[in-house]
Amino acid sequence: NAGVMQNPRHLVRRRGQEARLRCSPMKGHSHVYWYRQLPEEGLKFMVYLQKENIIDESGMPKERFSAEFPKEGPSILRIQQVVRGDSAAYFCASSQLAGVAYNEQFFGPGTRLTVL
Amino acid sequence: KQEVTQIPAALSVPEGENLVLNCSFTDSAIYNLQWFRQDPGKGLTSLLLIQSSQREQTSGRLNASLDKSSGRSTLYIAASQPGDSATYLCAVRPEDSNYQLIWGAGTKLIIKP
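Keep in mind the model is a prediction, meaning the values are calculated, not measured.

## What to know about the overall build of chain B
Okay, so step 1: In terms of regular secondary structure, chain B is built from 0 helices and 11 strands.
Okay, so step 2: Taken over C-alpha atoms, the radius of gyration comes to 13 Å for chain B, in line with the 13 Å a tight globule of 113 residues would show.
Okay, so step 3: Based on the C-alpha atoms only, the size of chain B along its principal axes is roughly 45 × 30 × 20 Å.
Okay, so step 4: Per-residue burial for chain B yields a buried fraction of 47% across its 113 residues.
Okay, so step 5: Taking contacts inside chain B between residues at least 6 apart in sequence as the whole, the part at least 24 apart equals 54%.
Okay, so step 6: Put simply, chain B shows about 5200 Å² of open surface, and 48% of that area lies on carbon and sulfur atoms.
Okay, so step 7: Side chains of chain B carry 10 positive and 10 negative charges; the gap between the two charge centres is 4 Å.

See the structure below:
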């Protein structure tokens, strides 16, 4: 059973370009979470999605950022018109359960975005 | 607002020593606390998860304790090895959320051969 997969592992963009980060959850998991880790900081929650639904996007910037988890295919975190401050590691996690106290999230290897 | 703090930010010890990493949180209303390991440029590996009703969890040379009322957790590493060098992160699940994790900034551990 493959773990959470993210690609690309490293992404370099110039200011103003778009960045697309992909996350394939573990088999059997229908809940996906995106986190961002700035240098020397802990992870910060961005968004929680279930298939075809955004459940909680309270941690995601209102502008330029969007996320989706279509019925088929991976979850996508999209950053439009990237700026240098978007440079960070973006981690995806998935879980089988939700709405319960014990709800372990399994993390992918992350995508390291560098904006030049 | 829940805040998680890890002290020290960095730690360097000789191989073979036992060591303790600290994690504190400001709001004791948590479901569980989890310790992760992060290797440079790599993902996160879950080490131990302690439910709020538990006092400690053990896995091999690792032992994590939880004192919920005082808002503290420790990760004890016995007989440290160079391969233990990594950043150790703790994260708490607040009671008012079934999915959000609140993270500390981590302790960067270096074990010198």
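What follows picks up the thread again.
## Here we look at unusual backbone geometry
Okay, so step 1: Residue P8(A) is reached from N7(A) by a cis peptide bond, and omega for that bond is -5°.
Okay, so step 2: Tracing the chain through its elements places P8(A) in the loop between strand 1 (5-7) and strand 2 (10-13).
Okay, so step 3: Residues I7(B) and P8(B) are joined by a peptide bond in cis, for which omega reads 0°.
Okay, so step 4: Phi at Q81(A) takes a positive value of approximately 45°, unusual for a residue other than glycine.
Okay, so step 5: Take Q81(A): it is sitting in the loop between strand 8 (75-79) and strand 9 (88-95).
Okay, so step 6: Even without being glycine, A79(B) reaches a positive phi, approximately 45°.
Okay, so step 7: In this fold, A79(B) is placed in the loop between strand 8 (72-77) and strand 9 (86-94).

## A look at the interface of chain A and chain B
When the parts of a complex come together, some accessible area is lost, and that lost area is often used as the size of the interface.
Okay, so step 1: Counting from both sides, the interface comprises 24 residues of chain A and, opposite them, 21 residues of chain B.
Okay, so step 2: In this structure, the connection of chain A to chain B is made through 0 salt bridges.
Okay, so step 3: At the boundary of chain A with chain B, the tally comes to 5 residue pairs in polar contact (both at pLDDT 80 or more).
Okay, so step 4: Those elements giving two or more residues to the side of chain A that touches chain B turn out to be strand 4 (31-37) and strand 5 (43-50) of chain A.
Okay, so step 5: Tallied by class, the residues present in the side of chain A that touches chain B amount to 11 nonpolar, 7 polar and 6 charged.

## A short note on the sheet that holds strand 8 of chain A
Strand pairing in a sheet relies on backbone hydrogen bonds. The paired strands run either parallel or antiparallel.
Residues and elements named next belong to chain A.
Okay, so step 1: The sheet built from 4 strands is open, its strands ordered 1-3-8-7 with antiparallel pairing. Where the open sheet ends on each side, the last strands, each with one partner, are strand 1 and strand 7 (65-68). Adjacent strand axes in the sheet meet at a mean angle of 15°, parallel and antiparallel pairs treated alike.
Okay, so step 2: Two elements, strand 3 (residues 19-24) and strand 8, share 5 bridges in a ladder whose sense is antiparallel. Considered in strand 8, the bridge of R22 is made with I76.

## Topic: the pairing of strand 5 of chain A
Residue and element names in this part refer to chain A.
Okay, so step 1: Most of strand 5 is tucked away, with 6 of its 8 residues classed as buried.
Okay, so step 2: With 7 bridges connecting them, strand 4 and strand 5 associate as antiparallel partners. When the bridges of strand 5 are listed, H31 appears paired with Q50.
Okay, so step 3: Two successive antiparallel strands, strand 4 and strand 5, enclose a turn made up of 5 residues, where E40 displays a positive phi of approximately 65°.
Okay, so step 4: As defined by bridge partners, strand 5 adjoins strand 6 (residues 53-56) across 3 bridges and the pair is classed as antiparallel. Bridge pairing links Y48 to D56 in strand 6.
Okay, so step 5: Following strand 5, the chain reverses through 2 residues before pairing antiparallel with strand 6; E52 in that reversal takes a positive phi of roughly 65°.

## Let's talk about the state of the cysteines
Okay, so step 1: Tallied over the full model, the rule gives 2 disulfides over all chains.
Okay, so step 2: Through a disulfide, C23(A) is tied to C92(A); the S-S separation comes to 1.7 Å. Taking the sign of the S-S torsion, -50° for the link of C23(A) and C92(A), the bridge is left-handed. Remark: C92(A) occurs in strand 9 and C23(A) occurs in strand 3; sequence separation between them is 69 residues. As far as the burial class goes, C23(A) and C92(A) line up, both buried.
Okay, so step 3: Across the disulfide, C23(B) is cross-linked to C90(B) (sulfur-sulfur distance 1.9 Å). Of note, the bridge from C23(B) to C90(B) carries an S-S torsion of about 70° and is right-handed in sense. Note that C23(B) is positioned in strand 3 (residues 19-25) and C90(B) in strand 9, a separation of 67 residues in sequence.

Parameters at a glance
Residue positions are given per chain, counted from 1 along the sequence in the order it is written. For this description, chains carry letters from A and ligands carry numbers from 1, given in the order in which they are written. Since the coordinates come from a predicted model, pLDDT governs what is reported: local features require at least 70, and pairs of side-chain atoms require 80 or more to be given and counted, while whole-chain, interface and lining totals use all residues. As a rule here, side-chain values cover all heavy atoms of the structure and leave hydrogens and water aside. In this description a helix means any DSSP run of H or I spanning at least four residues, a strand means any run of E spanning at least two, and both kinds are numbered starting from the N terminus. The size measure is the radius of gyration over C-alpha atoms, and the globule rule it meets is 2.2 Å times the number of residues to the 0.38 power. Each residue's exposure class comes from its accessible area (1.4 Å probe, protein chains only) as a fraction of the maximum for that residue type: buried when under 20%, exposed when over 50%, partly exposed otherwise. Working rule for contacts: check all heavy atoms of both residues, and any pair within 4.5 Å makes them a contact. In short, Shrake-Rupley with a 1.4 Å probe defines the accessible areas, and a residue's cover is counted only from the protein chains shown. As used throughout, the charge tally considers Lys and Arg to be positive and Asp and Glu to be negative, leaving His and the chain termini uncounted. For charged residues, the charge sits on one atom: NZ in Lys, CZ in Arg, CG in Asp, CD in Glu. Salt bridges, as used here, are contacts in which a Lys or Arg side-chain nitrogen is within 4 Å of a carboxyl oxygen on Asp or Glu. Pairs of N or O atoms within 3.5 Å make up the polar contacts considered here, provided that, within protein, one atom can donate a hydrogen while the other can accept it, and that residues adjacent in sequence are counted only when both atoms are side-chain atoms. The residue classification treats Ala, Val, Leu, Ile, Met, Phe, Trp, Tyr, Cys and Pro as nonpolar and Asp, Glu, Lys and Arg as charged. All others, Gly included, are polar. Pairing between strands is defined by DSSP: at least two bridges between them are needed. In this analysis an axis means a line fitted to C-alpha atoms, helices contributing only their contacting stretch, and an angle means the value between N-to-C directions, from 0 to 180 degrees. We call a pair of cysteine sulfur atoms a disulfide whenever their separation is within 2.5 Å.

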